[in-house]
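Spelled out, the chains give:
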Amino acid sequence: MDTQNLFEKFYQKYWNRNDKPVLFFSPGRVNLIGEHTDYNGGFVFPCALNYGTYLLIRKIKGNTLKLSTLNFTDDVETTLNGLFVNTVKKWINYPLGVINEFLKKGVEISGLEFLYYGDVPNGAGLSSSASIEMVTAVALNDFFKAGLDTLELVKMSQRAENLFVGMNCGIMDQFAVGFGKKNHAIFLNCDTLAFENVPIKLDGYSLIITNTNKRRGLTDSKYNERRGECEKAVELLQAYKPVRNLSELKTDESDILEKYIKDPVVLRRAKHVISENGRVLEAVKVLKNNNIIRFGELMNLSHDSLKDDYEVTGKELDTLVYEGRKLPGVIGTRMTGAGFGGCTVSIVRKADAAKFMTELSASYQKQTGLTPEFYQPEIGNGAGKL
Ligand code: GLA
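Remember, predicted model here, so these are calculated numbers, not experimental data. (Residues numbered from 1 in each chain as written. Predicted model: local features only at pLDDT ≥ 70, side-chain atom pairs only at ≥ 80, totals over all residues. Heavy atoms only, no water.)

**Q** Would you take a moment to explain the side chain of S26 for this structure?
**A** Mapped onto the secondary structure, S26 falls in strand 1 (residues 22-31). In contact with S26, other than residues within four places in its own chain, are G52, T53, S131, M134, V135, V177 and A383. (Helix = DSSP H or I, 4+ residues; strand = E, 2+ residues; numbered from the N terminus. Contact = heavy atoms within 4.5 Å.)

This is the structure in structure tokens:
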């Protein structure tokens, strides 16, 4: 990213070169394994990317907020006067939701000029939303000396998304973009929020993200439907023991599920969550022993479970995954994020990476009519001032 150019764009938009804005960055994230477990109090294993959202921000006199982005054309100018309400200009709801969280805490915010630029694709399951939220949160925390720690900023960003944007996500995305560490993934227990940074040493292998480029129309409603099905499972399991969430059941308790959950759909959802938690635990263990091959197998099993039991994949993701697995040097490949479109994440032997991209691109185009995009990201740090 050419940040000099971003400064130039800022001055073109807001004038006054004598007062330099401050640059912040927040990454996107890719989840390596542990999908649809966060809102079930389970384990996840995401890492922050070197792609994300840049924010140039400057204080101005008065109480006007001017928000602009290089990604969309709709700029907004608004006045600080109590809490904001949701707007039709979609991207603006992410910063406004976060500003509201600061206002609710009694942080005094005054006039500001914002210029955002994101290089993580929107709506692709790489947390462009959490990235905008967290970059706003770290900047406001810094500018208005709010003294909030990263965990609080993560929770405020999640609340902005849940309450203001209206997407009932778990905590994984905001946590990953807040706590990311270069060359490490985050092994997070979403119930206790205890976490560990685990080094990712992929000697001889590459991490490749493939974008289906399918628009994710129904994601939010399907996502909420899955959450509801998991809540139903927890309700039914009360006859067994007073569990708070599905992750309180261990992998070896799966026969319990069949005894208490008669609805086959709800049963499959619960099975996925419990088996996925087991896979994350094993994945972290084998990675620490440098067993990339087993790590890849667990990624494959994760995808199969998301397809068969959780039913959040779809033709495009499945084509990328199952065509990908036929290619040489592919150690593991799975969907990442909420599903129904978005991206896959794969571990591919470095020597085979170029072939993987050309051959997968051809077979995917043939089967879906869509052109995929490939990214070979680095694992970066969490949100902060640059
Ligand atoms: C989305 C949500 C996350 C998580 C994933 C699925 O990315 O924002 O909280 O639930 O889907 O693992």
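Here the narrative resumes.
**Q** Where do I start with the environment of I293 in this structure?
**A** As for its placement among the helices and strands, I293 is situated in helix 9 (residues 292-308). Spatially, the C-alpha atoms of I293 and A124 are 27 Å apart, while their sequence positions differ by 169 residues. Setting aside residues no more than four positions away along its own chain, I293 makes contact with Y205 and I331.

**Q** Sorry, what's going on with the site of the ligand here?
**A** Residues in close proximity to the ligand include R29, E35, H36, D38, Y39, C169, G170, M172, D173, Y223, G337 and A338, which together make up its full environment. Residue H36 places a main-chain N or O atom 2.7 Å away from an oxygen atom belonging to the ligand. Within the contact set of the ligand, an oxygen atom lies 2.6 Å away from a side-chain nitrogen or oxygen of Y223. Across the complex, the protein chains shield 96% of the 310 Å² of accessible surface that the ligand would expose by itself. Tallied by class, residues from the shell around the ligand come to five nonpolar, three polar and four charged. (Near = heavy atom within 4 Å. Polar contact = N/O pair within 3.5 Å; in protein donor to acceptor, adjacent residues only side chain to side chain. Areas by Shrake-Rupley, 256 points an atom, 1.4 Å probe, with all protein chains shown as cover. Nonpolar A, V, L, I, M, F, W, Y, C, P; charged D, E, K, R; others polar.)

**Q** Explain the packing of helix 2 (residues 93-104) against helix 4 (residues 150-165) here, please?
**A** Two measures define how a pair of helices packs: the angle their axes make with one another and the distance between the axes. With their axes 8 Å apart at the nearest point, helix 2 and helix 4 run at an angle of 120° to one another. Two packed elements cross with a definite hand, and for helix 2 against helix 4 that hand is right-handed. Note on element contacts: helix 4 touches helix 2 through L153, M156, S157, R159, A160, E161, L163, F164 and V165, opposite N93, Y94, L96, G97, V98, N100, E101, F102 and K104. Class assignment of the residues belonging to the contact of helix 2 with helix 4 gives a composition of 10 nonpolar, four polar and four charged. (Axes fitted to C-alpha atoms, helices over the stretch in contact; angles between N-to-C directions. Left-handed = near helix turned anticlockwise from the far one by under 90°.)

**Q** Explain the pairing of strand 11 (residues 343-349) to me, please; I cannot follow it from the model alone.
**A** On any regular strand, side chains alternate: one points to one face of the sheet, the next to the other face. Judged by how many residues are buried, strand 11 sits mostly within the fold: six of seven residues are covered. Taken together, the seven bridges between strand 9 (residues 205-211) and strand 11 define a ladder with antiparallel strand orientation. What sits directly across from Y205, in strand 11, is R349. Here strand 10 (residues 330-336) runs beside strand 11; their pairing, made up of six bridges, is antiparallel. Bridge pairing in strand 11 places G332 opposite I347. Where strand 10 folds back onto strand 11 in an antiparallel hairpin, the turn is made up of six residues, including G337, whose phi is positive at roughly 90°. (Buried < 20%, exposed > 50% of the residue type's maximum accessible area, 1.4 Å probe, protein only. Pairing = 2+ DSSP bridges.)

Purely geometric numbers; function is a separate question.
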